Amino acid sequence: MQADSESSVRAEPRDAKRLLAVPIESVRVVGERRARLLRRLELRTAGDLLFNFPRDYQDLSDERTIAELEEGELISVRGTVAEVATSGSGFGKSRVAILLADETGQLRATWFNQPFMAKRFSEGQHLLLTAKPKQRGMMWEMSHPQVTWLAAEELADEPRKLLPVYSLTEGLSQYHMRRMVEAVVEEFADVPEEVFPQSLLSKYQLSPLTQALHDIHHPEDQEALDSARRRFVFQELFVLQLAVSIRRGQQRELSAPELLASAKIDARIRRLLPFELTASQDAAIREVAADMALDRPMNRLLQGDVGSGKTIVALYALLVAVAHGCQAALMAPTEILARQHAKTLASLLEASRVRFAVLTGGMPKRERDDLLQKITAGELDVVLGTHAIIQEDVRFKNLGLVVVDEQHKFGVRQRAALRQEEHSPHYLVMTATPIPRTLTMTLFGDLDVSTLRELPAGRQPVNTYLIEADRQATWWQFVRDRLREGRQAYVVAPLVDESENIAAPSVAQAFEQLTNGELEAFRTGLLHGRMSSAEKQQTMADFHAGKIQVLVSTTVIEVGVDVSNATVMTVSGAERFGLAQLHQLRGRVGRGKHPGFCGVLIGETSDRGRERIEAFSNSTDGFALAELDFEMRGPGDLFGTQQHGLPPLRIADLQRDRELLEEARREAQLLVAADPGLKHENHARLRSQMLIRYGKALDLGDVG
Ligand code: ADP
Ligand code: MG
């Protein structure tokens, strides 16, 4: 570390660093008062202000004099306020009108029913107004134009094409913000040194840093802006991908127990499996086994559509670990799912001596302490549970494997928490929410991937129906018919607080209505996340046993729940769910020999909302749906904003910038392969950027 910090100091010349660290109040035109406001925006130094990119741009590319105005075009006009008039104040209609003059004529701008606008204008002010003008008699008029207040000297400025728009705080005007940034750009834009080696700049035709800084704040035209933006997006994604690649490299250096699935072990485990594996399952098992046989930790993502049979792959891996006398842990996002996995394990292991237990958050302390003690003493072979498994006080004796089911529900950071001192466990994560490739690369770029491509033989796709309000009675009739045939059903409704003023059925309401209405004749149960652990367990057990015919639930059953006699899924308020989520829910049915049915009931929704639901009922391909959801709603819905645990991207947009992400990733991998610790002085600035941004989140330590 000693040598490292020296070399990075050498490569990051002191004067650049020092100059950019100049406190904001010492920057020309800022001053004490505004510095205070800027600090509220987390802008403390000249460098902060320089890299505080506009959040948007005002397009003023068509600026003309009043004499040159034309109807029907969006045009900007610069001038001086000659008169401010208000009429009809008080009740009823009011009108604020100003006259704006330039050297070629006058223009009237009007605002109806916004009496407060009058206070914003005074004679002699300089303004830039943007709107589509209309000619009324001899007079040009703009109705409700966009207003930019200008300083006197700006009146004579070169026409500005794209005006930057910055995030503000109360008391700070856009005008002053622009002036301060302008001053900083003028004085400091050539201070920060290029982070990219010249070779990369030319290969990807990236604007050099100083140029890009000028252009991102004050673009000459759209082209200059695009090119500046492209450079910063590439930089952001590249730094992220460096971090991901380096983490991957670091994990390769960790040691792990060699858990070879010898022919004997393999045969013994396969004998336990209750069915013929699909080709994909077999391939995935081979990949997992090959990884576990090595002395460095497996780091594998197993993805496969709902119902493709991921659990069995996980169980195979758990049993390999146990065969070697290691402990194994299986983490699931809900207690319901953890218990279900325990049940599956129990049924496979009827005749064996494997010791396992379920550890959850809601457990009584005595019971929990007892379990922890057994885990530490090595008296348990397999521990299944929720994130309770990764609490500080859980100490395994010799953990050889960790399986995380439904990875998308956990954060990347939680992985680090399961690390052990001596050797690291092998690591298998599973997801049934197919992760669009862009996101796998971005957030899980340090994982190898196995994919289950087909469903077990004989499985039929779930028949999906979009049910409008006027066809609901028919749908419920259909549900009753299936129930009378002996099948079971789910009804999922959003969990809505009474306080939340939305016209969607809450799960409690839905339960009320159904048990007194459409499903009156059947045994129904209610399940939601706020019930106690014991209540949930009882309800699930009753549903498994068929004592409950209809389970009315929130999305707590979204992941993993596997009751093969349940064949009908009804989702009410479907427009409130993401497509990937709907697909998960649909995956609860059609898991056995009986065909599955899914009815999505929609209420009032926008056209776009409707379009999504239609796409859903027309496709059974989870991967395609996840991509579509990602396109229509962005990544936020797949990965609840903070769930992945990485700092948010500032300028890149994973959706819009997919191609750059690919390039950045390829290039980052090459760079890391050539210089794994980023020790070369040409890479020092990239290295320090990466550490500042991702060092902690990705647990990169000191790198190298
Ligand atoms: P998921 O990938 O959604 O986690 P599961 O592992 O829960 O899927 O498997 C779904 C259902 O399919 C389970 O009931 C499981 O027992 C069954 N199953 C898994 N693999 C096979 C197979 N090869 N043949 C028949 N049934 C299978
Ligand atoms: Mg599963």
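Given the structure is predicted, the values throughout are model-derived calculations rather than measurements. (Residues numbered from 1 in each chain as written. Chains lettered and ligands numbered in written order. Predicted model: local features only at pLDDT ≥ 70, side-chain atom pairs only at ≥ 80, totals over all residues. Heavy atoms only, no water.)

S.K.: Would you mind showing me how to read the sheet that holds strand 6 (residues 134–136) here?
M.R.: Either a parallel or an antiparallel arrangement is found when strands of a sheet pair, and the pairing is made through backbone hydrogen bonds. Taken together, the 7 strands give an open sheet; going across it, the order is 6-7-4-3-2-5-8, and neighbouring strands pair in mixed fashion. The sheet terminates laterally at strand 6 and strand 8 (146–150), the two strands that pair on one side only. Neighbour-to-neighbour, the strand axes of the sheet open up by a mean angle of 40 degrees, direction not taken into account. (Pairing = 2+ DSSP bridges. Helix = DSSP H or I, 4+ residues; strand = E, 2+ residues; numbered from the N terminus. Axes fitted to C-alpha atoms, helices over the stretch in contact; angles between N-to-C directions.)

S.K.: What should I look at first to understand the pattern of salt bridges in this one?
M.R.: Side chains that differ in sign of charge can pair as their charged atoms come close. Taken as a whole, this structure holds 29 salt bridges when the rule is applied. A salt bridge links Asp291 to Arg300, with the shortest nitrogen-to-oxygen separation between them at 2.7 Å. With respect to burial, Asp291 and Arg300 carry one shared label: buried. In this structure, Arg610 engages Glu614 in a salt bridge whose closest nitrogen and oxygen atoms are separated by 3.2 Å. (Salt bridge = Lys/Arg side-chain N within 4 Å of Asp/Glu carboxyl O. Buried < 20%, exposed > 50% of the residue type's maximum accessible area, 1.4 Å probe, protein only.)

S.K.: Could you clarify how one ought to interpret the site of ligand 1 in this entry?
M.R.: Every one of the 16 residues lining ligand 1 counts as a neighbour, but Gly307, Lys310, Thr311, Asp562 and Arg591 are closest to it. Within the backbone of Glu276, an N or O atom sits 2.7 Å from a nitrogen atom of ligand 1. Take Gln281: an N or O atom from its side chain is 2.9 Å from a nitrogen atom of ligand 1. (Near = heavy atom within 4 Å. Polar contact = N/O pair within 3.5 Å; in protein donor to acceptor, adjacent residues only side chain to side chain.)

S.K.: What should I look at first to understand the environment of Tyr465 in this one?
M.R.: Along the chain, the position of Tyr465 falls in strand 17 (residues 463–467). Placed 153 residues apart in sequence, Tyr465 and Asn618 show a C-alpha to C-alpha distance of 8.6 Å. Apart from the residues lying within four places of it in its own chain, the contact partners of Tyr465 are Trp475, Phe597, Cys598, Gly599 and Val600. (Contact = heavy atoms within 4.5 Å.)

S.K.: Where do I start with the packing of aromatic side chains in this structure?
M.R.: Aromatic rings in a pair are described by how distant their centres are and how their planes are angled relative to each other. Under the counting rule described, the total for this entry stands at 12 aromatic pairs. With 4.5 Å between their ring centres and 45 degrees between their planes, Phe53 and Phe232 make a pair best called tilted. Taken together, the residues span a long stretch of sequence, with Phe53 in the loop between helix 4 (46–50) and strand 1 (56–59) and Phe232 in helix 9 (residues 222–253) at a distance of 179 residues. A relative accessible area of 5% places Phe232 in the buried class. With a centroid separation of 6.1 Å and an interplanar angle of 50 degrees, the aromatic rings of Tyr465 and Trp475 are classed as tilted. Here Trp475 lies in helix 17 (residues 472–484) and Tyr465 lies in strand 17, a separation of 10 residues in the sequence. On the accessibility criterion, Tyr465 (33% relative accessible area) is partly exposed. (Phe/Tyr/Trp six-rings, centres within 6.5 Å; stacked < 30°, edge-to-face > 60°.)

S.K.: I would appreciate a short explanation of helix 14 (residues 365–377) in the present structure.
M.R.: Counting along an α-helix, one turn takes 3.6 residues, and residues three or four places apart therefore face a common direction. Spanning 13 residues, helix 14 covers 18 Å between terminal C-alpha atoms, matching the ideal 18 Å at 1.5 Å per step. When we look at burial in helix 14, the residues that qualify are Arg368, Leu371, Leu372 and Ile375. The arc that holds the buried residues of helix 14, viewed along the axis, is 100 degrees, so those residues lie on one side. Positive phi shows up at Gly378, right after helix 14, with a value of about 80 degrees. (Expected span 1.5 Å × (residues − 1). Arc of directions from axis to C-beta.)

S.K.: Help me understand the pairing of strand 7 (residues 139–143) in this model?
M.R.: Taken residue by residue, a regular strand's side chains alternate between the two faces of the sheet. For strand 7, a buried count of 4 out of 5 residues is recorded, marking the element as mostly surrounded by other parts of the structure. Pairing analysis gives 4 bridges linking strand 4 (residues 105–112) to strand 7, with the strands arranged parallel. If you follow Thr110 over to strand 7, its bridge partner there is Ser143. Pairing of strand 6 with strand 7, which is carried by 3 bridges, proceeds in the antiparallel orientation. Note on strand 7: the bridge partner recorded for Arg136 is Met139.

S.K.: Got a minute to help me understand the pairing of strand 11 (residues 327–331) in this structure?
M.R.: In terms of burial, strand 11 is largely enclosed, as 5 of its 5 residues are buried. Alternating residues of strand 11 divide into Gln327, Ala329 and Met331 and Ala328 and Leu330, and every residue in both groups is buried. Where strand 11 lies against strand 14 (residues 399–405), 5 bridges are found, and the strand directions are parallel. What sits directly across from Met331, in strand 14, is Val404. Relative to strand 13 (residues 382–385), strand 11 runs parallel, the two sharing 4 bridges. Paired with Ala328 across the two strands is Val382, which belongs to strand 13.

S.K.: Explain unusual backbone geometry here, please?
M.R.: Leaving glycine aside, a negative phi is the common case for residues, and trans is the common case for peptide bonds. Even without glycine at this site, Val29 takes up a positive phi of about 65 degrees. Along the polypeptide, Val29 turns up in the loop between helix 2 (14–20) and helix 3 (31–40). Even without being glycine, Gln205 reaches a positive phi, approximately 50 degrees. Mapped onto the fold, Gln205 is located in the loop between helix 7 (198–203) and helix 8 (209–217). The class of Gln205 is exposed, set by a relative accessible area of 68%.

S.K.: Explain the sheet that holds strand 11 to me, please; I cannot follow it from the model alone.
M.R.: The parallel open sheet is built from 7 strands, whose spatial order is 12-13-11-14-15-10-16. Lying at the two open borders of the sheet, with one neighbouring strand each, are strand 12 (356–359) and strand 16 (448–452). The sheet shows a mean angle of 20 degrees between the axes of neighbouring strands, direction not considered.

S.K.: What am I meant to see in the environment of Ile389 here?
M.R.: Along the chain, Ile389 falls in the loop between strand 13 and strand 14. The exposure class assigned to Ile389 is buried, which follows from its relative accessible area of 2%. Sequence spacing of Ile389 and Met331 is 58 residues, and the spatial spacing of their C-alpha atoms is 7.0 Å.

S.K.: Explain the confidence of the model for the protein to me, please; I cannot follow it from the model alone.
M.R.: Residues shown with low pLDDT carry predicted positions that ought not to be read at fine detail. The predicted model of the protein averages 84 in pLDDT, with 87% of residues at 70 or higher. Per-residue pLDDT, averaged within each element of the protein, yields its smallest value for helix 1 (residues 2–11) (39) and its largest for helix 11 (residues 279–292) (97). Across residues 636–644, confidence stays below pLDDT 50; counting only partners more than four residues off in sequence or on other chains, it has 19 contacts. (pLDDT = per-residue confidence, 0-100.)

S.K.: Looking at this structure, how should I read the packing of helix 8 against helix 9?
M.R.: Relative orientation and spacing of two packed helices are given, respectively, by the angle between their axes and the distance between those axes. Between helix 8 and helix 9, the least distance of the axes is 8 Å, while the angle of their chain directions is 125 degrees. With respect to their mutual orientation, helix 8 and helix 9 come out oblique. Helix 8 and helix 9 meet at a crossing whose hand is left-handed. Between helix 8 and helix 9, the residues in contact are Leu209, Ala212, Leu213, Asp215 and Ile216 and Ala224, Leu225, Ala228, Arg229, Arg231 and Phe232, respectively. Here the residues of the contact of helix 8 with helix 9 sort into 8 nonpolar, no polar and 3 charged. (Parallel < 35°, antiparallel > 145°, perpendicular 65-115°, else oblique. Left-handed = near helix turned anticlockwise from the far one by under 90°. Nonpolar A, V, L, I, M, F, W, Y, C, P; charged D, E, K, R; others polar.)

S.K.: For this particular structure, what's the right way to read helix 11?
M.R.: Given a rise of 1.5 Å per residue, 14 residues ought to cover 20 Å, and the 20 Å separating the end C-alpha atoms of helix 11 matches this to within 8%. Listed as buried for helix 11 are Ser280, Gln281, Asp282, Ala284, Ile285, Val288, Ala289, Asp291 and Met292. Each element contacted by the buried residues of helix 11 is listed here: helix 10 (263–272), strand 10 (299–304), helix 12 (310–323), strand 14, strand 15 (426–431) and strand 16.

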